[in-house]
Amino acid sequence: MFKAEVKADTLKGLVNVISTLIDEVKFSISPKEITLKAVDPAHIAMIELNIDASAFESYTASQTEIGLDLDKVKDVLKLSSPCDIISIEQDESCGRLIFKVGNITRRMNVIDTSSMSDPKVPQLNLSSAVEVSAIELQRGIRASENISDHISLTVSSDYFELACDGDTDSISLKLDKSQLISLTAGEGAANQRYRSMFPLDYFSNLIKTVPSNISVKIELDNDYPLMLNFALSDGKSSVKYLLAPRIESD
Amino acid sequence: MFKAEVKADTLKGLVNVISTLIDEVKFSISPKEITLKAVDPAHIAMIELNIDASAFESYTASQTEIGLDLDKVKDVLKLSSPCDIISIEQDESCGRLIFKVGNITRRMNVIDTSSMSDPKVPQLNLSSAVEVSAIELQRGIRASENISDHISLTVSSDYFELACDGDTDSISLKLDKSQLISLTAGEGAANQRYRSMFPLDYFSNLIKTVPSNISVKIELDNDYPLMLNFALSDGKSSVKYLLAPRIESD
Amino acid sequence: MFKAEVKADTLKGLVNVISTLIDEVKFSISPKEITLKAVDPAHIAMIELNIDASAFESYTASQTEIGLDLDKVKDVLKLSSPCDIISIEQDESCGRLIFKVGNITRRMNVIDTSSMSDPKVPQLNLSSAVEVSAIELQRGIRASENISDHISLTVSSDYFELACDGDTDSISLKLDKSQLISLTAGEGAANQRYRSMFPLDYFSNLIKTVPSNISVKIELDNDYPLMLNFALSDGKSSVKYLLAPRIESD
C-alpha cells in the first residue's frame, strides 16, 4: 500500500537528480521513508537516495517496492506548477499508480521489479573532504565545456581545485579555504594533496541538475572514486553519489 | 475594394486559428464582415469564421474575394508589437495587398480564388453541449501527450470528461457541472451519456492556439462529429470548428 | 606584453561584431589602442576596428600582435555576467593568453599570426551619406526575410530607403529626412539618387548584431560598395565596415 501527496517542486528535484543516471528505477518503500539504489547502465556511477516521509505533504505506506519509468513521471510534472500538490496512490487491484494534479488523473503502469536487484554501495574511507556551494561547481563545469572530456579534482590542505586540461587550452577553478564551507585534507604531511580524474559528462550532468543554492560535500582520494553527498527536499532527502575515477595510464 | 486597419494582436489571433487547418485561404469580403470557410487537405476538420467589421480599427470594403497565403501574413505579424496598427489596402490596379506597419510597407501577391470553392458546412443537431474554459482543455491536451494519438470526449447529465487511453497508461480530465460554464445533455434518460473519439493532433493544434481566457462551447453526440464554437477579437469574430470522429472498430 | 581588464559586456559587443565576418583574427596591439583589419573568406566584406585603451577598465601593452579564435573567447563570455570584469594577460613565457573571470582561470592558445596579412582598406569617396538608428535598420532586415536574398539601399535628397524585391512580393522601409539623424546626398542635381544592391545575409548578420540604440552612418553611391561607420564600447571603439555591391546584370 502506498498513498502520498507531494509538492510538484519537491518531486521534480528528486526525479531530475535520479534521471541523470537511469530512467527505469525501483523505489523501496517503507512506512517511514523511500529509498533507491541504482547504477547507470555503464556501471560508472551509483546513486543512493533516501526520502524521508516528512518530505511529503502526506504519506501512508506499508513495506513495498514500486518500479517506475521516470520519463512518465516527468510528463506529470510538466502539467504542474511548482507549488501544485500531486497526489499519488497505488491501485491495490492492478498495482498501477494513480497520479492526480488538479482535475487531471493519470494512471501509470508500474515496472516489474523482480529482476531489479539493489547494487551494493561500497564503503569508502576517503582521505579528504570539502564542502562547496553548488553554484561554484556549476561555473567550473560550464568553463570546462569544449576543453576536454575529463576533469581533475584536487584537495590540498588549503585549497580545492577543479581543472580541465585540453590539448591546447585549459581551465582551473581554484577555491581557497576561505571560499569553501569546510575542508579536511587527511592526516598526512602538510603538503599532501589528493587528486583524481573523472569523466566530465557524468559529473556535469549531476551538478547541473542540483539546485544552485545547496552545498555539496565532496570526498576525494588519489585515483579513487569520488563520493558526493548533498541534501534535497529542504533537507528531508539525502543523496549519496559515487563516480568511478579515470585512471591516467602512462 | 478593401481597405482596413487592424490591431496586430487581433489579426494574429485570427491567423493562428485558421492556420492550424490550412495556409492558403479565400476570404469573402462584404461591406459589413469578412467570412471564411475552409477544410483541411485531409478533409478531417472544417472551419467557418466570421469577422465583423467592428473587429477592425477602420474598415471600408465592397463585395470581393481575396486569396492569401497566411505564412506571408505571419511574416508581417512578426514585424509588429501586439498593439501596433496594421493597415491593409488592396491595390486596385494589380490586386496585390499592401500591408503597412510603422515605416515598413509590404506588397503581397494574392492567390487566384477562382478554383477555391466554399465547402458546405453541414447542419448538425447534436444531443449534448458543454461550455468550458479553454485553459482546462489546454491542460487536458498537454496531459494526453505520449499516451495515445486519439482522445475521447464524454458528456453526461452531470460531468464532462476528456480522456486518453494508451496501451499501458491513461489520463482523464473530469469536470463536474460546477466546474463548467454550462452543460446540456439531451432529453434522454437521466443516465444517458454522449461519447465520441477524435484525433488528438487536430484537437490539440486548435486548442493550443486559442487564448487561454476564452470559453469554448463543445457540442457532442455518439460517434458523431464534434462542433466547437468560440469567439475571438473580443467577441467581434466567431469561429465554428467541426472535427470528424474516429469510429472505433470492433 | 599585454595585460588588460575589460567589462564582459564591452568585450561581447566587439567579439559579436567581428565574428559576423570571421572567427580567427589578428589583433594589432599598441600602448594606446588595439586595431583589427579583416576580410571574410569570400572577400565580400571587410571590417576595420579600433578599440581605444580607454574602452578597458585597465590597460598596459607594448607593441605586439595576438592571433585568437573568437569561438574560444565566446566560451569565456558565456561564464560572465554583463558587468563582470574579465582580466586578460599574456603569459610572456609561452605566449598563451590567460583569462580570469571570478574564480575561473582559462589559459588559451594563440594563433600564429605570421601568415595573417592585413587587408588593404580601400579609400572610398562616396556621394551620399545618411545616419540612421540601428533599430530602424533591424526592422527593415526582419521585414526582408523570405522575400529575396538581396536588398537595395537608396539615398535621395529627401529620403533613405531599404527595399527588398522578390518575385511576387516586396517590402520597403522608407525614412524621410525628419526620421533620419542626418542626410547628405551629393552635389548633383536636386533629383539625383544613389542606389546599390547588397547581399541580404551579410548586411543582416552585421545589423542584427549591433546594439539597437546606436546610430549607424551609411555611405552609398551607385553600384558601389557600401561603407558603414558606427561606434561601440560607449564611443570608445569605432567600426568601419565595407560591403561589396551586387551589380545587376541586364
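The structure reproduced in this document is the subject of the present report.

The subject of this paragraph is the overall build of chain A. When you go through chain A residue by residue, the secondary structure sums to four helices and 18 strands. Reported as C-alpha extents along the three principal axes, the dimensions of chain A are approximately 60 × 35 × 35 Å. Put simply, chain A has 250 residues, and 52% of those count as buried. Put simply, of all contacts in chain A between residues at least 6 apart along the chain, 68% involve residues at least 24 apart. Accessible surface, chain A as shown: approximately 11,500 Å² in total, 44% of it carbon and sulfur.

This part is about the relation of the copies chain B and chain A. Mapping chain B onto chain A calls for a screw motion: a turn of 120° about the axis and a shift of 0.1 Å along it, with 0.0 Å RMSD after fitting. On this basis, the relationship between the two copies can be described by a three-fold rotation axis.

Taken residue by residue, the interface counts 17 residues in chain B and 15 residues in chain A. Summing both partners gives a buried area of about 1,200 Å² for chain B against chain A, and 36% of it is carried by carbon and sulfur. By the criterion of area lost to chain A, the three top residues of chain B are Arg-139, Thr-168 and Asp-169 of chain B, representing 40% of everything that side buries. Seen at the junction of chain B and chain A, the total is two salt bridges. The partner of Arg-106 of chain A in a salt bridge is Asp-169 of chain B, and the shortest N-O contact between them spans 2.7 Å. Along the contact surface separating chain B from chain A lie 13 residue pairs in polar contact (both at pLDDT 80 or more). Elements with a minimum of two residues in the side of chain B that touches chain A: helix H3 (134–144) and strand E13 (170–176) of chain B.

Residues and elements named next belong to chain A. The interhelical angle for the contact between helix H3 (residues 134–144) and helix H4 (residues 200–209), taken along N-to-C directions, is 140°, at an axis separation of 10 Å. What the angle tells us is that H3 and H4 run oblique. Crossing angle aside, the handedness with which H3 passes H4 is left-handed. Residues Ala-134, Leu-137, Gln-138, Ile-141 and Ser-144 of H3 pack against Leu-200, Phe-203, Ser-204, Ile-207 and Lys-208 of H4. Residue composition of the contact of H3 with H4, grouped by class: six nonpolar, three polar and one charged.

All told, the structure shown has six aromatic pairs over all chains when counted by the stated rule. Judged by centre distance (5.1 Å) and plane angle (45°), the rings of Phe-56 of chain C and Tyr-59 of chain C are tilted. Assessed through its relative accessible area of 12%, Phe-56 of chain C is described here as buried. Given the relative accessible area of 15%, Tyr-59 of chain C is considered buried. Grouped by ring-pair contacts, the aromatic residues Phe-2, Phe-56 and Tyr-59 of chain A constitute a single cluster. The ring of Tyr-159 of chain A has Lys-174 of chain A lying over it, and the distance from NZ or CZ to the ring centre is 4.4 Å.

Attention now moves to the sheet that holds strand E7 (residues 85–90) of chain C. Read across the sheet, nine strands follow the order E15(A)-E11(A)-E12(A)-E13(A)-E9(C)-E8(C)-E7(C)-E1(C)-E5(C) without closing on themselves; strand pairing throughout is antiparallel. Lying at the two open borders of the sheet, with one neighbouring strand each, are strand E15 (194–199) of chain A together with strand E5 (58–61) of chain C. Between one strand and the next, the sheet's axes are offset by a mean angle of 20°, whatever the strand orientation. In terms of strand pairing, strand E8 (residues 97–101) of chain C meets strand E9 (residues 104–108) of chain C through five bridges, oriented antiparallel. Note that in E9 of chain C the partner of Lys-100 of chain C across the bridge is Thr-105 of chain C. Across the face of the sheet, helix H2 (residues 70–78) of chain C comes into contact with E7, E8 and E9 of chain C while running at roughly 180° to E9 of chain C.

Below, the discussion takes up the side chain of Glu-48 of chain A. Residue and element names in this part refer to chain A. Here Glu-48 shows up in strand E4 (residues 45–52). Salt bridges are absent for the buried Glu-48, whose nearest opposite-charge side chain, Lys-37, sits at 4.5 Å. Those residues in contact with Glu-48 that lie beyond four places of it in its chain are Leu-36, Lys-37, Val-121, Ser-238, Val-239 and Lys-240.

Moving on, we get to the pattern of salt bridges. Residue and element names in this part refer to chain B. Counted by the stated rule, this structure contains 25 salt bridges over all chains. As a salt-bridge pair, Asp-75 and Lys-78 come within 3.5 Å of each other at their nearest N and O atoms. You can see Asp-75 and its partner Lys-78 sitting in helix H2 (residues 70–78), three residues apart, about one turn around the helix. Under the relative-accessibility criterion, Lys-78 is labelled exposed at 58%. Among the salt bridges present, the one from Arg-107 reaches Asp-91, with a minimum N-O distance of 3.7 Å. Here Asp-91 lies in the loop between strand E7 (85–90) and strand E8 (97–101) and Arg-107 lies in strand E9 (residues 104–108), a separation of 16 residues in the sequence.

To continue, consider the pairing of E9 of chain C. Taken residue by residue, a regular strand's side chains alternate between the two faces of the sheet. With four of five residues buried, E9 of chain C lies mostly within the body of the structure. Across four bridges, strand E13 (residues 170–176) of chain A lies against E9 of chain C in antiparallel orientation. Residue pairing in the sheet places Ile-171 of chain A in a bridge with Arg-106 of chain C of E9 of chain C. The antiparallel hairpin formed by E8 of chain C and E9 of chain C contains two residues in its connecting segment, where Gly-102 of chain C sits at a positive phi of about 55°.

Before going further, it helps to examine unusual backbone geometry. The backbone phi angle of Ser-233 of chain A is positive, close to 50°, even though this residue is not glycine. Along the polypeptide, Ser-233 of chain A turns up in the loop between strand E17 (226–232) and strand E18 (237–243). A relative accessible area of 16% places Ser-233 of chain A in the buried class. The backbone of Asp-234 of chain B shows a phi angle near 50°, a positive value even though the residue is not glycine. With respect to the secondary-structure elements, Asp-234 of chain B resides in the loop between strand E17 (226–232) and strand E18 (237–243).

All names here are of chain C. In terms of residue burial, strand E11 (residues 150–156) counts as a mostly covered element, since seven of its seven residues are buried. Residues His-150, Ser-152, Thr-154 and Ser-156 point to one face of E11 and Ile-151, Leu-153 and Val-155 to the other, with burial holding for every one of them. Where E11 lies against strand E15 (residues 193–199), seven bridges are found, and the strand directions are antiparallel. In the sheet register, Ser-152 faces E15, and the bridge partner there is Met-197. Across four bridges, E11 lies against strand E12 (residues 159–165) in antiparallel orientation. By the bridge assignment for E12, Leu-153 is matched with Leu-162. As consecutive antiparallel partners, E11 and E12 are separated by two residues.

Next up on the list: the sheet that holds strand E11 (residues 150–156) of chain B. Taken together, nine strands build an open sheet; the order of strands is E5(A)-E1(A)-E7(A)-E8(A)-E9(A)-E13(B)-E12(B)-E11(B)-E15(B) and the sheet is antiparallel. Because the sheet does not close on itself, it has two edges, and the strands there are strand E5 (58–61) of chain A together with strand E15 (193–199) of chain B. When strand polarity is set aside, the average angle formed by the axes of neighbouring strands in this sheet is 15°. Most of the contacts of helix H4 (residues 200–209) of chain B go to E15 of chain B, to which it runs at about 90°, and overall it touches E11, strand E12 (159–165) and E15 of chain B.

Counting through the fold element by element, Lys-174 of chain B comes out in strand E13. Taking the relative accessible area as the measure of exposure, Lys-174 of chain B reaches 43% and is therefore partly exposed.

Definitions and limits used
- Residues numbered from 1 in each chain as written.
- Chains lettered and ligands numbered in written order.
- Predicted model: local features only at pLDDT ≥ 70, side-chain atom pairs only at ≥ 80, totals over all residues.
- Heavy atoms only, no water.
- Helix = DSSP H or I, 4+ residues; strand = E, 2+ residues; numbered from the N terminus.
- Buried < 20%, exposed > 50% of the residue type's maximum accessible area, 1.4 Å probe, protein only.
- Contact = heavy atoms within 4.5 Å.
- Areas by Shrake-Rupley, 256 points an atom, 1.4 Å probe, with all protein chains shown as cover.
- Least-squares fit on C-alpha atoms with pLDDT ≥ 70 in both.
- Buried area = accessible area lost by both parts, 1.4 Å probe.
- Salt bridge = Lys/Arg side-chain N within 4 Å of Asp/Glu carboxyl O.
- Polar contact = N/O pair within 3.5 Å; in protein donor to acceptor, adjacent residues only side chain to side chain.
- Axes fitted to C-alpha atoms, helices over the stretch in contact; angles between N-to-C directions.
- Parallel < 35°, antiparallel > 145°, perpendicular 65-115°, else oblique.
- Left-handed = near helix turned anticlockwise from the far one by under 90°.
- Nonpolar A, V, L, I, M, F, W, Y, C, P; charged D, E, K, R; others polar.
- Phe/Tyr/Trp six-rings, centres within 6.5 Å; stacked < 30°, edge-to-face > 60°.
- Lys NZ or Arg CZ within 6 Å of the ring centre and 35° of its normal.
- Pairing = 2+ DSSP bridges.
- Lys, Arg positive; Asp, Glu negative; His and termini not counted.

Purely spatial values, then, with no claim about function.
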